[in-house]
Each structure stands twice: as C-alpha cells, then as structure tokens.
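Here is how the chains run, residue by residue.
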Amino acid sequence: MILPPELMMPATVLVPFIGVILILLTRKFPNIREAMTLVTAVTTFLMVLQFLPGVLEGETYSYTFAEPLPGISLAFSLEPLGMLFALIASFLWIVTSVYAIGYMRGAGEQNQTRFYIFFAIAVSFTLGVAFSANLLTLFVFYEMLTLSTYPLVAHKGNTAARDGGRVYLGILLTTSIAFFLPAIIWTYAVAGTLDFQPGGIFDDNVNAVVAGALLLLFFYGAGKAALMPFHRWLPSAMVAPTPVSALLHAVAVVKAGVFTLLKISVYIFGADLLLDLNARDILLYIAGTTILLASLVAMTKDNLKARLAYSTVSQLAYVTLGALLATQAGMEGSAMQIATHAFGKITLFFCAGAIYVATKKTEISDMKGLGRAMPITMLAFFIGAMSIIGLPPTGGTWSKWYLMLGTLESGYLFLMGVLMISSLLNIAYLLPIPIQGFFGGEKDKPTVFSEAPLPCLIAITVTSIGCLVLFICPELLYELAALVYLGAL
Amino acid sequence: MMETILSNLPALQVLLPLLTAPLCFMIRKQGVTWLFAFLATLGSFAIAIDLYREVMTNGPLSYHMGGWEPPWGIEYRLDELNTFIVLLVSAMATMTLVFARKSIEKEIAPQSFALFYTAFLLCFAGLLGITITGDAFNLFVFLEISSLSTYILISFGKDNRALTASFQYLIMGTIGATMLLIGIGFLYMMTGTLNMADLASRLPEVMDTNTVRAAFAFIIVGLSIKLALFPLHIWLPNAYGYAPSTVTIFLAATSTKVAIYALIRFIFTIFGVEFSFGGMPLTAIFLFLSILAVFSGSLSAIYQTNIKHVLAYSSIAQIGYMMIGIALLSTLGLGAGILHMFNHAIMKGCMFMALGCVYFRYGSARIEDFKGLGKTMPLTMAAFVVGGLGLIGMPLTAGFISKWYLVLAALEHGYAGIVIVITILVGSLLAVAYIWRIVEAAYFQEPENEPQGEAPMALLIPTWILALATIYFGLDTRLSVEGATRAAESLIGGGL
Amino acid sequence: MSIVLGLFNYWVVIALMMIGFYLVIATSNLIKKIIGLNIFQTSVFILYISIGKVKGGAAPILEEGTELYANPLPHVLILTAIVVGVATTALGLALIVRIKEAYGSINENEIREKGGTT
C-alpha cells in the first residue's frame with residue numbers, strides 16, 4: 001500500500017470522484033472518456049482488493065473523519081461483510097463499464113457524460129456504505145446513494161422516466177426518513193452508541209418490545225431491500241437505461257439495502273438477541289410472503305425487465321430471510337446470496353439490454369426463436385437463470401443450499417417449503433425464456449446472426465463465467481461469509 | 001482611551017450601529033454609506049466575538065448604562081444566552097451587508113440607498129438592543145426601533161404588494177408590541193421595578209395574582225406575534241415574500257430569532273420555569289401550536305409558486321421546531337431549540353441569498369425561473385441545494401444536528417414525545433417535497449427564460465460562506481452545541 | 001359599586017382598548033385602521049399614567065413639607081411610548097400615501113381587488 005492503511009479507505013472512496021473529474025475533462029472525446037471510466041473502475045477494484053488479505057487474517061481497518069455529535073463519528077471501518085460487498089460492487093463496476101460502452105452507443109442514449117459521472121458517484125457512495133463504521137455514516141452514504149442515482153433512473157428525461165424517478169425517490173426517501181432515521185436515533189437513546197460491534201450493541205436486558213420495534217423500523221427503513229409492501233420503487237426504477245438497472249438495481253442499490261439489513265442484524269442486534277425477538281417471526285413471514293408473491297407477480301409480467309425486477313424483489317427477500325434466521329447456515333447463506341445473486345442477476349440484465357440494443361425487443365413474447373440469432377446472449381441468460389434458481393453448476397447453488405440448511409437448523413420447516421416452492425416458481429418464469437429462445441418461433445425462417453455490440457458480449461461472458469466460477473471455487477466467498485457469522489456472536 | 005473603550009464594549013455593541021445610522025443618512029453617498037454601514041456592523045461583530053469569549057470564560061457580566069446602579073438605571077446584562085444570540089445576529093448582519101451592496105442595485109432605487117442602510121443599521125441596533133438589555137421597558141423600546149425600521153425596509157420592495165405587506169405587518173407588529181407594553185406595565189404595577197433580574201427576584205411574592213397571570217398572557221401573545229408563531233404568523237409570508245432579497249435574508253436570519261430570544265428571556269429568567277410551566281399550561285399550548293405550525297407551514301410551502309413564499313412558509317414550520325424545543329422544558333430541549341435558532345439562521349440565510357442571486361439575474365423568483373438553473377447558475381443552485389439539505393435535516397449539515405438533539409429531547413417525554421418525533425419526521429418529509437420541486441425544476445427541466453449566466457462574485461461569496469458554514473456546523477459542532485448548551489444550562493441548569 | 005367606580009380608570013382603559021381594537025379589525029379604511037391603532041395605544045398610555053398615581057401623593061416636584069409623591073417613572077416611560085406611537089403613526093400614514101399612489105385607493109377591499117395583500 002502506498003498510503004498508510006488507515007488512509008487507504010477514504011482514498012478508495014475518493015477514486016471514483018477523481019474519475020469524475022477525468023470524465024468531465026475528457027467529455028469532448030467519447031473514446032478517451034470511456035477509457036477514463038474503465039481506468040477508474042479498475043483502479044477502484046484494485047484498491048478494494050488490497051484490503052482482502054488483511055481482512056481474511058482478521059485485521060480491521062478504521063478511519064474517522066469527524067465527530068459531529070459526542071460519541072457519534074463519521075467513520076470507516078472494514079470488516080468481512082463490507083469487504084464482500086465492496087469487492088462485488090467494484091468488480092462488477094468494471095464489467096458494467098465495458099457493457100455500458102456498447103449499450104449506450106448502441107442504444108443511442110443522450111447525455112452520456114452525465115451518465116458516466118453519476119455512475120461513478122453512485123459507486124463511490126456504495127463503497128461508502130460498505131465501509132461505514134456506524135449507523136450514522138451508513139445512513140449518510142445510503143441517502144447520498146439514493147440521491148445520486150436519481151439522475152440515472154430519470155436519465156431519459158421524458159415523462160415516464162421522471163414519474164418513475166419520483167416513485168423511486170419518494171419511496172426510498174420516505175422509508176429512510178420515516179423509519180430508518182428514527183430507528184437510528186432511538187437506538188442511540190437505548191444503547192448509547194451507534195458503532196457496529198461484533199455481537200451487537202444492545203445490553204442483555206434490553207426491553208424486548210423496544211428491540212422488536214427497532215427491528216421492524218430498521219427492516220422497513222432500509223427501503224432499498226424492497227421488502228413488501230415497500231417494493232414498488234424497484235419496478236419503477238426499470239425506466240432507467242439497462243446498465244443502470246444492471247449495476248444499481250441488481251447490485252449496488254438493492255444490495256446496499258440487504259447489506260444494511262444483514263449488517264444491522266449481525267453488528268447491531270447480534271444473533272442471540274435476534275433469536276429472542278417476536279418481531280423476528282413477523283418479519284420472517286413477511287420475507288417468506290415477499291419471496292412467493294414477488295415470484296408470482298414476476299410470472300405475470302411480459303416485459304423482460306419488469307419480470308427481472310420482481311425476480312429481484314423475491315431474491316432480495318432471501319437475503320433478508322437468511323439474516324433473520326440468525327443461525328450459522330442462515331447468515332452465511334444470506335451473505336453468499338448477496339454475491340451469487342449479484343452475478344446471476346447482472347447477467348440477466350445484461351442479456352435483456354443486449355436484446356434491446358440488437359433487436360429493440362422488450363417483451364418476452366416477442367423473443368421466441370431469438371436464441372438462434374443471439375446464441376451467446378441466450379446461453380448466458382440460461383446460465384444466469386440457473387444461478388438465480390440455484391441449480392448446479394452455478395454459484396447460486398451454494399447460497400440456496402445454505403439458506404435451506406438455515407431454515408432446517410432453526411426449525412422453520414414452513415419456510416423451507418417456501419424456498420422450495422419459490423425455486424419451482426423461478427424455474428417457471430425464467431427458464432422458458434431461453435428455452436423458447438432456442439426452440440420456439442418459426443424454425444424455417446432464415447437465421448440472421450445479429451448479436452449485440454462486442455463490449456456487451458464481453459461483459460455478458462465475464463459475468464456468466466463468474467456464475468460458474470462461484471460454483472467451482474466458492475472458498476473465498478465461504479470464508480468471508482463464515483467470518484460474518486462469527487461477528488454476530 | 002483604549003481602556004475606556006474596552007470597559008464600555010457592551011454599550012458600544014449597540015451604539016455603534018445606532019450612531020452610524022444617522023451618519024449614513026447624512027452622507028448620502030452610495031459607496032461611502034455602504035462602507036460606513038459595513039464597518040459599523042463589522043465592528044459590532046468584533047465586539048460580539050470579544051464579549052462572547054469574555055462571558056464564556058469569566059461568566060456573566062453586567063454593564064450599567066451611564067453609571068447608574070441597577071435596578072434604577074438601565075443594566076446591560078450579558079450571559080451565555082444573549083452573547084450567543086448577539087454573536088449570531090451580528091455575524092448574519094455582516095454577511096447580509098456584504099451581500100447587500102450588489103443585490104440592492106437591482107432591487108432598490110439608487111436615491112434610496114442611503115435610507116436603506118440607515119434603516120438597516122437601526123434595525124440591527126434594535127435587535128442587538130433587545131438581546132443585550134437587562135431592562136424590560138428598554139426591551140420594548142428596542143423592539144419598536146427594530147420593528148419600525150423593519151417596516152421601512154420591507155416597503156423598499158419593488159413590488160407594490162411590498163407596501164401592503166409592510167402595512168399589514170405594521171398593524172400586527174404594533175398590536176404585538178403594545179400587548180408587550182401592557183404586560184410590562186402590569187409587572188411594574190406589581191413589583192415596582194423594570195430590571196429583569198430584580199423582577200425575577202420580586203415576582204415570586206406576587207406570583208399568585210391575576211395581574212401577573214394577565215401580564216404573562218399579554219407578553220406571551222405579544223411576542224408570539226413578533227416571532228410568527230402559528231396562528232399569529234400571517235404577516236410573515238407576505239413580508240418575506242415582497243421585501244427586497246437583502247431584507248428577507250436579514251429578517252429570516254435574525255428578526256424572528258431575536259423575538260424567540262425575548263420570549264425565552266421572559267419565560268425562563270423573569271417568570272421562571274415554575275410559574276410559566278407549572279402555573280400555566282404553556283407546554284401544552286406551545287406544543288399544540290408548534291406542531292400545527294410545522295404541518296401548516298410545510299404544507300403551505302409545497303403549494304407556493306413564488307420560491308420566496310416557499311421559504312417563508314418553511315420558516316414558519318422551522319419556528320415550530322424551535323418552539324417545540326422550548327416547550328419541552330428540559331435543558332436538552334431548550335438547548336436544541338437554541339441550537340436550531342443558530343443553525344436555521346445560517347441555512348435560511350444561505351437559501352435566501354441563493355434566491356437573491358436568482359432574483360438579481362431574473363428579477364423574480366417564481367418556480368418557472370428556476371427551470372434549467374442547474375446548468376446556467378450551477379454555483380448558486382449548489383448553494384441552494386446545500387441549504388435545502390440542511391432544512392430537510394440531512395446528516396453532514398447543520399440541520400441534522402439540531403433535529404437530532406430535538407428528537408433526543410422529545411424521546412425523554414414518553415408518548416407525547418413520540419407524537420413530537422413523528423411531527424419532526426413528517427416535517428422533514430414535507431421539506432423534502434417542497435425542496436425537491438425546486439431541485440427538479442433546476443436540474444431536470446429545460447430553461448424557459450433567456451439564460452442569464454451565473455450571479456456575480458459579490459453575491460456568490462457570501463452565499464457560499466453560509467453554504468460552507470451549513471456543512472461546517474454539521475461536522476464540527478463544538479461552537480454551536482457548546483454555545484447552545486451553555487445558554488440552556490444558564491437558564492435551567494443541567495447538561496445537554 | 002366599588003368595582004365600577006373604584007376601578008374607574010381601568011374601565012376607561014378597557015373601553016378604549018376595545019374600541020381601538022375593534023376599529024383595527026373591522027374597518028376597511030386604512031386611515032381608520034391607523035386611528036384605531038392610536039386609540040389602542042392610547043389606552044395603554046392611560047393605564048401607565050394612572051398607575052403612577054399614589055393616593056394622597058403630590059406632584060413629583062421636590063417641595064418643603066411634602067412627604068408623599070406620585071410615582072413619576074411611569075410618566076417618563078410613557079413619554080417614550082408616546083414617541084414610539086407617534087413614529088408608528090407617521091410611518092403608517094406614509095405607507096398609506098404610497099399605497100394610495102400605487103393602488104389609487106385606501107380601501108382594503110379595493111386594494112385587494114387590485115392585487116394587494118392586506
């Protein structure tokens with residue numbers, strides 16, 4: 001490391017901002033501008049990567065910016081869960097940048113400089129969320145992430161985009177101010193600190209009703225986790241260009257939500273306290289319901305991105321569920337689901353975008369026989385779908401495996417049933433798309449090979465291979481996930 | 001010589017602007033009057049800093065006007081509370097004057113410049129006098145000095161409605177001040193003294209009389225008009241809305257704050273907590289009205305098309321927050337209220353200055369004028385957004401700090417506290433709604449007007465100083481929180 | 001009877017105050033409003049002046065053989081308040097002149113019809 005380790009974290013978060021300046025300076029030359037984005041993304045990833053060995057050895061890094069309120073600082077501190085999240089977000093940013101080059105040009109979007117700028121800013125804030133050392137810092141970056149992604153969601157600037165953006169902003173800001181913020185202040189009033197600490201920050205004799213109410217407030221306050229009934233913003237956000245949907249609404253933003261929940265479960269409540277709370281039961285059932293209902297809604301959607309959006313709502317609830325189980329397998333599965341779902345869903349979104357760029361098709365019913373024209377895309381879609389469902393040989397297998405184990409461990413057989421039905425539903429709404437793509441449609445029509453632009457294809461290949469790699473070598477992922485559970489004890 | 005000056009600093013604090021005012025009126029040369037006014041304000045600011053330091057290290061000090069001993073003569077009494085307010089008022093006045101030089105060129109006829117600065121200085125002197133004096137009747141006199149000059153300042157507005165707004169304020173303000181006068185008269189009847197400290201020590205004997213209760217009611221209502229507590233706020237939106245930008249900045253940042261100070265002084269120092277809150281249902285009344293103020297102010301703000309009115313209604317809501325803090329009757333609550341006075345002055349000052357920049361370029365401040373400003377006036381709009389975030393209560397801004405303490409104070413109060421917390425949060429959400437409308441117009445809509453370019457540096461610099469202050473006091477809260485805590489402690493005792 | 005006659009000065013104060021207040025609220029003529037405001041203020045002046053009276057006290061001028069004086073302080077105070085009142089009236093009238101120039105009327109209703117804000 002060039003800088004002292006404690007300065008590396010703020011430096012890492014600043015790198016995308018330097019990227020913003022470079023992008024601004026080179027805005028007249030699209031090729032250089034996009035090269036700048038790529039360079040920034042790679043640098044950011046490398047910066048994040050260098051923390052990995054230390055974190056695995058159990059080191060903690062921390063850095064304090066300011067202490068505006070006594071005992072409450074704005075500070076960074078890196079632990080395994082944040083490491084996991086930061087790694088995924090920064091790695092997938094590189095891939096998405098490659099993809100965006102093909103997509104934005106292919107689809108002829110306006111205001112591309114603004115797009116790249118806010119993209120970089122959003123990634124920076126995502127890293128801020130990942131690095132946060134306490135609830136207040138997390139809240140700050142969480143809010144800034146919401147605000148900085150609004151221009152991306154409303155990118156097209158037409159009425160539909162603005163309306164979608166309003167719903168997006170409305171729900172996310174409302175839940176965070178109405179639930180998250182009071183929960184934070186209340187936590188401070190009860191526990192006297194907001195720092196994330198292994199095993200939680202509440203006393204053993206904390207009032208169970210208060211803790212339960214706080215749990216409810218937190219789980220609905222992190223509206224980005226899209227727990228029903230506050231999930232409407234996610235489908236609304238699909239008006240955004242596909243790279244945005246891919247990185248932000250399959251990875252950064254939604255994962256910031258579930259990351260927050262998992263982090264709060266682990267480092268604010270701790271496994272022991274969670275197990276004692278009645279509110280946990282309520283939330284478990286809500287999460288189960290969300291999983292099933294969102295899958296069912298997904299089946300009714302013919303628009304590909306809308307179907308993927310509801311699929312995301314359902315899959316996010318898996319993470320929520322795992323966090324609430326508060327058993328070893330449950331929490332580990334939850335942490336792994338963050339990673340495997342990210343790879344699977346980003347692949348699917350990339351494919352949806354590639355289809356749009358190549359054929360302008362957005363409805364699933366129009367995509368029959370598309371596999372013959374776009375074999376790579378459709379194959380990747382197939383792999384991504386397998387990962388979401390949780391079938392080998394994809395990474396999703398492991399997270400689903402541990403989550404199932406978690407439900408068994410804690411004795412919620414009902415929830416295990418929910419997970420199994422949900423997998424069936426996933427099969428029912430995802431797999432027909434590639435199957436129809438390869439085998440449906442009119443076979444006698446001459447096939448014209450028309451894949452998406454090359455950068456898109458590269459990105460799609462990388463992420464779908466990622467899904468496979470996570471199956472073959474999940475050790476690193478598992479190791480981080482296991483450390484997360486240790487933190488909850 | 002130097003020693004004489006130093007020993008008379010409390011008097012100079014007020015006299016400097018008060019005596020420069022007629023000087024400005026006599027000189028009548030545009031540049032010179034500004035310079036004189038600025039130097040007087042700056043000097044006053046410097047004295048305020050010195051006195052603040054002095055009081056913070058050595059405790060309260062008392063100054064006897066003309067050498068007459070209190071309670072016969074007029075006493076200037078400086079304690080933790082009023083030096084803090086004096087510091088705030090003089091700092092904001094200095095910033096406003098920096099902004100004024102360029103801003104009034106577009107909004108006031110050149111022949112009225114000297115008159116403007118005269119009225120400004122008188123108003124400033126009046127506000128300082130209210131804050132610094134230890135004599136109840138003297139407070140009334142200074143209140144009238146500042147009020148009368150405020151009416152003049154408002155009537156400078158280009159819009160004809162400024163005249164009617166000023167007249168409306170004159171009627172309401174005079175009724176308020178007269179009520180205060182009645183109340184002070186009653187107190188004098190019962191105690192035979194006008195000195196605040198003396199009043200405080202003599203009142204307990206006669207506390208249980210209807211005369212004192214009537215005095216209390218008159219004083220509270222009279223001051224509530226001046227500080228625009230719901231539902232006595234109707235003068236405020238028009239007064240803020242049609243006054244010249246500079247005047248709006250100054251009034252929003254100082255005038256209502258000083259009125260709240262006077263209220264705190266009467267409630268806590270003169271009548272005492274036991275009487276005010278034990279004998280009178282003041283907590284219930286204030287909480288009820290403040291909660292209504294937050295809701296009605298914020299909701300009205302959402303539906304305004306003139307941005308000056310948006311911010312004016314938002315001020316009514318914010319005054320609600322300050323009054324909630326006072327009504328909570330704890331050091332924590334009172335400290336939060338005082339802290340919010342400080343933070344709100346900075347944030348609102350910043351936003352009204354940004355508005356003044358827009359006004360400077362476009363001659364009006366309707367929502368349509370804001371369309372596309374994110375591109376054409378990026379610096380102005382960025383400052384506006386910073387102020388707006390503060391108003392919403394985003395962390396990293398000053399607004400968050402005061403709301404944080406306010407919520408903590410409310411949580412001490414059980415179920416009633418939860419209602420307050422909900423009010424504060426809903427108020428924040430409504431603030432998001434009215435700020436977002438403007439932000440959306442500025443950044444995501446195409447301009448309707450001919451783009452005019454960024455505001456001149458002379459306006460941008462003070463605007464940005466306040467914007468940075470909004471952020472600074474969200475990060476480093478030593479000055480603001482300590483000042484407010486010490487002030488609250490000096491009134492109730494205990495820690496924040 | 002003592003409630004009426006014994007507190008005679010206060011009844012006058014209250015009557016004047018209510019008359020003034022009523023005028024301010026009820027009339028739509030701006031000048032009459034100012035007159036009402038004046039009466040309202042005058043009632044307070046009388047309140048102050050009458051409380052300065054001490055039973056059996058002489059005028060507060062130092063004189064041989066007088067022990068008991070009326071309290072001069074309220075009178076002094078109210079001199080200041082009168083000055084303030086006069087200033088307010090002057091300013092109010094000046095504003096009315098400007099309003100008349102701008103709107104061509106001093107009637108609240110007519111001004112409102114022409115876009116004023118009273």
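Cut-off values and rules
Residues numbered from 1 in each chain as written. Chains lettered and ligands numbered in written order. Predicted model: local features only at pLDDT ≥ 70, side-chain atom pairs only at ≥ 80, totals over all residues. Contact = placed C-beta atoms within 7 Å. Helix = DSSP H or I, 4+ residues; strand = E, 2+ residues; numbered from the N terminus. Nonpolar A, V, L, I, M, F, W, Y, C, P; charged D, E, K, R; others polar. Pairing = 2+ DSSP bridges. Expected span 1.5 Å × (residues − 1). Bend = angle between axes of the 7 residues up to and from the residue. Buried ≥ 20, exposed ≤ 12 C-beta atoms within 10 Å, placed from the backbone. Axes fitted to C-alpha atoms, helices over the stretch in contact; angles between N-to-C directions. Parallel < 35°, antiparallel > 145°, perpendicular 65-115°, else oblique. Left-handed = near helix turned anticlockwise from the far one by under 90°. pLDDT = per-residue confidence, 0-100.

What follows covers the interface of chain B and chain C. Facing 25 residues of chain B, the contacting portion of chain C comprises 28 residues. For the side of chain B that touches chain C, the secondary-structure elements that each account for two or more residues are helix 6 (136-155) and helix 7 (161-191) of chain B. Among the elements that line the side of chain B that touches chain C, the one with the most residues is helix 7 of chain B, at 16 residues. Residues that form the side of chain B that touches chain C fall into these classes: 14 nonpolar, nine polar and two charged.

This part takes up unusual backbone geometry. In the segment running from A:Met228 into A:Pro229, the intervening peptide bond is cis, with an omega of 5 degrees. Cis geometry is adopted by the peptide bond preceding A:Pro393, which originates at A:Pro392 and carries an omega value of 10 degrees. Even without being glycine, A:Ala226 reaches a positive phi, approximately 55 degrees. Inspection of the secondary structure puts A:Ala226 in the loop between helix 8 (208-221) and helix 9 (233-236). Unusually for a residue other than glycine, B:Leu396 sits at a positive phi of about 80 degrees.

A separate point is the pairing of strand 2 (residues 72-78) of chain A. Residues and elements named next belong to chain A. Taken together, the six bridges between strand 1 (residues 61-69) and strand 2 define a ladder with antiparallel strand orientation. Bridge pairing in strand 2 links Ser-62 to Ser-77. Hairpin connection, strand 1 to strand 2: the antiparallel pair is bridged by two residues, and Gly-71 has positive phi, about 85 degrees.

Further remarks concern helix 13 (residues 328-359) of chain A. Residue and element names in this part refer to chain A. Taking 1.5 Å per residue, 32 residues should reach 46 Å; helix 13 reaches 46 Å between its end C-alpha atoms and fits that length. The sharpest bend along helix 13 measures roughly 30 degrees and falls at Gln-337. In terms of burial, helix 13 is a largely internal element, 28 of the 32 residues being buried. Lys-360 occupies a position one or two residues after helix 13 and carries a positive phi of about 65 degrees.

Right, let's talk about the interface of chain B and chain A for a bit. Residue-level contacts link 18 residues of chain B with 19 residues of chain A. Of all the secondary-structure elements, those providing two or more residues to the side of chain B that touches chain A are helix 18 (398-411), helix 19 (414-444) and helix 20 (457-475) of chain B. The element best represented in the side of chain B that touches chain A is helix 19 of chain B, accounting for six residues. When the residues that make up the side of chain B that touches chain A are grouped by side-chain class, the tally is 14 nonpolar, three polar and one charged.

Relative to the helices and strands, B:Lys375 is located in helix 16 (residues 373-376). Given 12 C-beta atoms within 10 Å, B:Lys375 falls into the exposed group.

Residues and elements named next belong to chain B. Taken N-terminus to C-terminus, the directions of helix 15 (residues 331-362) and helix 21 (residues 478-491) make an angle of 135 degrees; their axes are 8 Å apart at the nearest point. The angle between the axes of helix 15 and helix 21 places the two elements in the oblique class. Here helix 15 runs over helix 21; the crossing is right-handed. Contacts from Thr-331, Leu-334, Gly-335, Ile-338, Leu-339, Phe-342 and Asn-343 in helix 15 reach Ser-480, Val-481, Ala-484, Thr-485, Ala-487, Ala-488, Glu-489 and Leu-491 in helix 21.

Right, let's talk about the packing of helix 12 (residues 304-325) of chain A against helix 16 (residues 396-410) of chain A for a bit. Residues and elements named next belong to chain A. It is at 10 Å that the axes of helix 12 and helix 16 come closest, and there the two elements cross at 35 degrees. Here the hand of the crossing between helix 12 and helix 16 comes out left-handed. Contacts from Tyr-318, Leu-321, Gly-322 and Leu-325 of helix 12 reach helix 16 at Leu-403, Gly-406, Thr-407 and Ser-410.

A separate point is the confidence of the model for chain A. Mean pLDDT for chain A: 84, with 97% of residues reaching 70 or above. The weakest mean pLDDT in chain A belongs to helix 14 (residues 370-373) of chain A at 78; the strongest belongs to helix 11 (residues 278-300) of chain A at 88.

The terminal C-alpha atoms of helix 3 (residues 30-51) of chain C lie 32 Å apart, and with 22 residues this matches the ideal 32 Å at 1.5 Å per residue to within 8%. Three or more residues of helix 3 of chain C are buried, namely C:Leu30, C:Lys33, C:Ile34, C:Gly36, C:Leu37, C:Phe40, C:Gln41, C:Ser43, C:Val44, C:Phe45, C:Leu47 and C:Tyr48. Against the buried residues of helix 3 of chain C lie helix 7 of chain B together with helix 2 (8-26), helix 4 (73-103) and helix 5 (108-113) of chain C.

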